[in-house]
Amino acid sequence: MKILLAVLLAPMLYSTPMPQPWKSVPAAGHLVIDSNFAIEVHGFTDARVDSAVRRSTARISRQTGIPIIGGKRVLVVERATEGADESYVLDVSPEKAVLEASTVEGALHGLETFTQLIMPGAEGFEAASVHIEDHPRFPWRGLMIDCSRHWMPIEVIERNLDAMAAVKLNALHWHLSDDQGFRVESKRFPKLQQFGSDGHFYTQDQVRHIIAYARDRGIRVVPEFDIPGHTTSWFVGYPELASAPGPYSIERSWGIFQPTMDPSREETYKFLDKFLGEMTALFPDQYFHVGGDEVDPTQWKQSASIQAFARAHHLKTPDDLQAYFIHRVEGLVKKYGKTMIGWDEVLNPELQADTLIQSWRGPAALANAARKGHHGILSYGYYLDHMNPASFHYAIDPQIDQQLLDDKGASLILGGEACMWTEYVTPETVDSRIWPIAAAIAERLWSPKDVTNVDSMYDRLDAISRVLESVGIRSNEQSMLRRMGGGPGLRVLADASESLGIDGRQVARKYTSLVPLNRFVDAVPPESPTVRRLEQMAQKVASGPAGAKAEIARLRAAFTEWSANDTQIDGNFLTSELIPLSRNLSNLGSVGLRALEYLSSGKSAPPDWAAQQLQEIGSMEKPVAEVRLAAISPVRVLLKAIAGSASGSVEEHK
Ligand code: ACM
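It should be emphasised that the depicted structure is a prediction, and the values quoted were computed from it without experimental measurement.

Trainee: Help me out: how do you make sense of the overall build of the protein chain in this one?
Mentor: Of the regular secondary structure elements, the protein chain holds 26 helices and 18 strands. The globule rule puts the C-alpha radius of gyration for 654 residues at 26 Å, and the 27 Å found for the protein chain is close to it. Dimensions of the protein chain, computed from C-alpha atoms along their principal axes, come out at roughly 85 × 65 × 50 Å. The buried share of the protein chain, taken over its 654 residues, is 57%. In the protein chain, the proportion of contacts linking residues at least 24 apart, taken out of those at least 6 apart, comes to 75%. Summed over its atoms, the accessible surface of the protein chain is roughly 26800 Å², and 54% of this surface lies on carbon and sulfur atoms. Put simply, the protein chain has 66 plus and 81 minus side-chain charges, and the middle of one group is 2 Å from the middle of the other.

So, in structure tokens, the structure goes:
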């Protein structure tokens, strides 16, 4: 008992922030955080620092539940005379914490780090003593949110900006127009939002509010108006911009569609000139994104006047026509003093050197752009709509293959952006599709290249999830499951499941923007933390059951719950599609219990038993109701251990 208490009251371990700092040296002792906590600022006379100080104090109060009245100087923020952009130094000792930065951005990042250090200790909340020196690896660390395919109200953007700031992301790429919706108020061309948005658009005042909100948090806002393809919503109000006569209506399906701007008419460029004039004034950032991706040339090929234009201008292919169009648009963007960004497809020999390429098609495309002298940002491998695990994204580095790029080319890569396309995402589910997974991408873009330990990343991901909740990020999983009315077993099934991404969903059924995203698949996250922990335990058992008593007990409890869970689900129109999934989980629980029995008792399983069970659970791999049964993995680990020892092979050592 005495020993147990000593363990419980041992000094709290230093909790590493996410993204992991470049240098962090833990020291003895800790700083107490109580209701007297106060932050003092020296050397900054900047409203952004003042509001960040207020926000941090409020956040610490929310994170700890302590009503903070202030009064005692606990954290001092000082302006340093030296230090690169965004860097900061943070010293926490039992007496006080000191944060030094030479820029506002550095101070903001340091405040975020400080709030992450606060944990419950033996006697109260505390921040462990530590010396941190930190700076970003890449200057461009972005998140793209598609607000066209599913409308995202202003509060979604606000809370995601807070979350971005928490993990030191600094660029919101706001995808504002696509076939399914035009989302910004234009005063010059009001039919854009009047006819192209179903009434869901941001007013110019709301846009200014978001830009100020983001700036307060050290985040730039880069708008994207995707042209010349992905433009159906523009043509509902302005069919004359299209390459084929209308009428047009807002697209309700997902995919790549034919409506495309007419590159052959001067009126198109006159319209875009006025439109860009208005929007470049509304969005103050230096960068302006014009999309340029996935142009379907059908309308161009079918139009006699466009074909005649192409011949007259020696534009032999659709790619040539696209290059002509992009070149004209680039000139307009430049005229308004902005730097253009486009997706891979805008790359062509005529492009100005300062145009930035956002690469979604792969490392070769990014390398190609950099070899031609363009700055680049990587989004390939950072597509959140594919619902890959955090570890998948974590392994993708913007400093792509050294074979593809020399040092000069590598230096042109500014960073990367996580992309949240919203075909299968609503305001209710978007947070759970972005977070916490995007924090792993944020770490890839901030921390040293050699910070690659996946288990350690997942530990930080668990910790950052709590921080993200304190800034207002909501998974909504539990409330969605409760709303389904499926009984207590639904939560257990959800913890054992993972939602499929766009690839699995688009082939499963016909979706449109009018199909409700209120099913089990929409509630469960793309990655199950429960199953990941169970798999780790199973690995420990597999490598030596004798030393894994606690893990065996935990696995037994989980498998027992699974095996009985099928009776805990109530049938209704939303849960009926889950019947095979739920049966599979129950069977898996039973198999897992037997496997544990063999491993923990040392009794041999009948010959081929494990091999047969492996085959059986293999058939459970097939998704049910657009959900993957993640729970297979810990059971498979145990079965493989049994199969390996039965055949005398030494699988673990291979
Ligand atoms: C894209 O995914 N079409 C940029």
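Trainee: Explain the packing of helix α23 (residues 549–565) against helix α24 (residues 579–601) to me, please; I cannot follow it from the model alone.
Mentor: Helices that pack against each other are described as a pair by the angle of their axes relative to one another and the distance between those axes. Contact pair α23 / α24: the axes reach a minimum separation of 6 Å and the direction vectors enclose 150°. Between α23 and α24, the interaxial angle falls into the category roughly antiparallel. For α23 against α24, the interelement crossing comes out left-handed. Touching I552, L555, R556, F559, T560, W562, S563 and N565 of α23 are L585, S586, G589, S590, G592, L593, L596, E597 and S600, all from α24. For the contact of α23 with α24, the per-class residue count stands at seven nonpolar, eight polar and two charged.

Trainee: I tried to follow the environment of F138 on my own but got confused; where do I start?
Mentor: Mapped onto the fold, F138 is located in the loop between β7 (125–134) and β8 (140–146). Note on F138: relative accessible area 3%, which makes it buried.

Trainee: What is the right way to look at the packing of helix α2 (residues 47–64) against helix α3 (residues 104–117) in this model?
Mentor: One way to put it is that α2 packs onto α3 with a least axis distance of 10 Å and a crossing angle of 10°. The angle between α2 and α3 places the two elements in the roughly parallel class. Across from R48, V49, A52, V53, S56, R59, I60 and Q63 in α2, the residues of α3 making contact are V104, E105, L108, L111, E112, F114 and T115. Within the contact of α2 with α3, the residues separate by chemical class into eight nonpolar, three polar and four charged.

Trainee: What am I meant to see in the pattern of salt bridges here?
Mentor: In a structure, side chains of opposite charge can pair up when their charged atoms sit close to one another. The tally for this structure, following the rule as stated, stands at 37 salt bridges. With its nearest N and O atoms 3.6 Å apart, the salt bridge here joins R361 to D344. Taken together, the residues span a long stretch of sequence, with R361 in the loop between β14 (356–359) and α12 (363–371) and D344 in the loop between β13 (339–343) and β14 at a distance of 17 residues. Of the charged contacts in the structure, one is a salt bridge between E577 and R519, with a shortest N-O distance of 2.9 Å. In this pair, E577 sits in the loop between α23 and α24 while R519 sits in the loop between α20 (502–508) and α21 (520–523), placing the two residues 58 residues apart along the sequence. Take E577: its relative accessible area is 21%, and that puts it in the partly exposed class. Among the ionic contacts, a cluster of salt bridges with common partners joins R505, R509, R519, D522, E577 and E626.

Trainee: Even after reading the chapter, I still don't get the pairing of β7, so can you show me in this structure?
Mentor: The side chains of a regular strand alternate between the sheet's two faces. Most of β7 is tucked away: seven of the 10 residues are buried. As paired strands, strand β6 (residues 118–120) and β7 are joined by three bridges and run antiparallel to one another. Along β7, the bridge assignment pairs I118 with A127. Counting the residues that bridge the hairpin from β6 to β7 gives four residues.

Trainee: Can you help me understand helix α17 (residues 454–470) in this one?
Mentor: An α-helical turn contains 3.6 residues, so any two residues separated by three or four positions project in the same direction. Here α17 is 17 residues long and its end C-alpha atoms lie 25 Å apart, about the 24 Å a rise of 1.5 Å per residue gives. Where α17 begins, one side-chain oxygen reaches toward the backbone nitrogen of D455, 3.0 Å away; that side chain belongs to N453.

Trainee: So what exactly am I meant to see when it comes to unusual backbone geometry here?
Mentor: A negative phi holds for most residues other than glycine; trans holds for most peptide bonds. For the bond running from I227 to P228, omega is 0°, close enough to zero to count as cis. Examined against the element boundaries, P228 turns out to sit in the loop between β11 (220–227) and α7 (232–237). For the bond running from G246 to P247, omega is 0°, close enough to zero to count as cis. By the secondary structure assignment, P247 is in the loop between α7 and α8 (266–282). The phi torsion at M387 lies on the positive side, around 55°, for a residue other than glycine. By the secondary structure assignment, M387 is in the loop between β15 (376–378) and α13 (390–394).

Trainee: Is there a simple way to think about the packing of aromatic side chains in this case?
Mentor: Centre-to-centre distance and the angle between the planes together describe a pair of aromatic rings. Within the structure shown, the criterion is met by 27 aromatic pairs. Aromatic pair Y598 and W609: ring centres 5.1 Å apart, planes at 65°, arrangement edge-to-face. A residue pair is termed long-range when its members are at least 10 positions apart, and Y598 in helix α24 and W609 in helix α25 (residues 609–618) qualify at 11 residues. For the residue pair Y598 and W609, the accessibility class agrees, reading buried in each case. One residue, R217, lies across the ring of Y213, its end atom 3.5 Å from the ring centre.

Trainee: For this particular structure, what's the right way to read the environment of P263?
Mentor: Structurally, P263 is set in the loop between α7 and α8. Overall, the relative accessible area of 0% leaves P263 in the buried class. If near-sequence neighbours (up to four positions away) are discounted, P263 is found in contact with S243, Y269, W300, I306, F309, L321, Y324 and F325.

Parameters at a glance
- As a convention, each chain's residues are numbered from 1 in the sequence order in which they are written.
- Reporting in this predicted model follows two pLDDT cut-offs: at least 70 for local features of residues, and 80 or more for side-chain atom pairs to be given and counted; totals over whole chains, interfaces and linings ignore these cut-offs and use all residues.
- The basis for every side-chain value is the complete set of non-hydrogen atoms in the structure, without hydrogens or water.
- Secondary structure elements follow DSSP: runs of H or I of four or more residues count as helices, runs of E of two or more count as strands, with numbering from the N terminus.
- Only the C-alpha atoms count toward the radius of gyration. The rule for a globule is 2.2 Å times the residue count to the power 0.38.
- Type-normalised accessible area, obtained with a 1.4 Å probe on protein chains alone, sets the label of each residue: buried when under 20%, exposed when over 50%, and partly exposed for intermediate values.
- By the convention used here, residues are in contact when the closest approach between their heavy atoms is within 4.5 Å.
- Per-residue and other accessible areas were derived by the Shrake-Rupley procedure at a 1.4 Å probe size, with only the shown protein chains allowed to occlude residues.
- By the counting scheme adopted, Arg and Lys are positive, Glu and Asp are negative, and His together with the chain ends is not counted.
- In this description, the location of a charge corresponds to atom NZ of lysine, CZ of arginine, CG of aspartate or CD of glutamate.
- In this analysis, axes come from line fits to C-alpha atoms, helices being fitted only over the stretch in contact, and the angle between any two N-to-C directions falls in the range 0 to 180 degrees.
- The labels follow the angle: roughly parallel below 35 degrees, roughly antiparallel above 145, roughly perpendicular from 65 to 115, and oblique for the rest.
- Whether a crossing is left-handed or right-handed is set by the direction in which the near helix is turned from the far one by less than a right angle, anticlockwise for left-handed and clockwise for right-handed.
- Any residue outside Ala, Val, Leu, Ile, Met, Phe, Trp, Tyr, Cys, Pro, Asp, Glu, Lys and Arg is labelled polar, Gly included; the first ten of those are nonpolar and the last four are charged.
- Whenever Lys or Arg places a side-chain nitrogen within 4 Å of a carboxyl oxygen from Asp or Glu, that contact is recorded as a salt bridge.
- The pairing criterion is simple: DSSP has to find at least two bridges between the two strands.
- What a helix should span is 1.5 Å times the count of its residues minus one.
- Two N or O atoms count as a polar contact when they lie within 3.5 Å, although within protein this holds only if one can serve as hydrogen donor and the other as acceptor, and sequence-adjacent residues are included solely when both atoms are side-chain atoms.
- We call Phe, Tyr and Trp rings a pair once their centres come within 6.5 Å, taking the six-membered ring for Trp, and we label the pair stacked below 30 degrees between planes, edge-to-face above 60, and tilted otherwise.
- A ring has a charge above it when a Lys NZ or an Arg CZ is no more than 6 Å from the ring centre and no more than 35 degrees off the ring normal.

The values reported here are purely geometric and, on their own, carry no functional implication.
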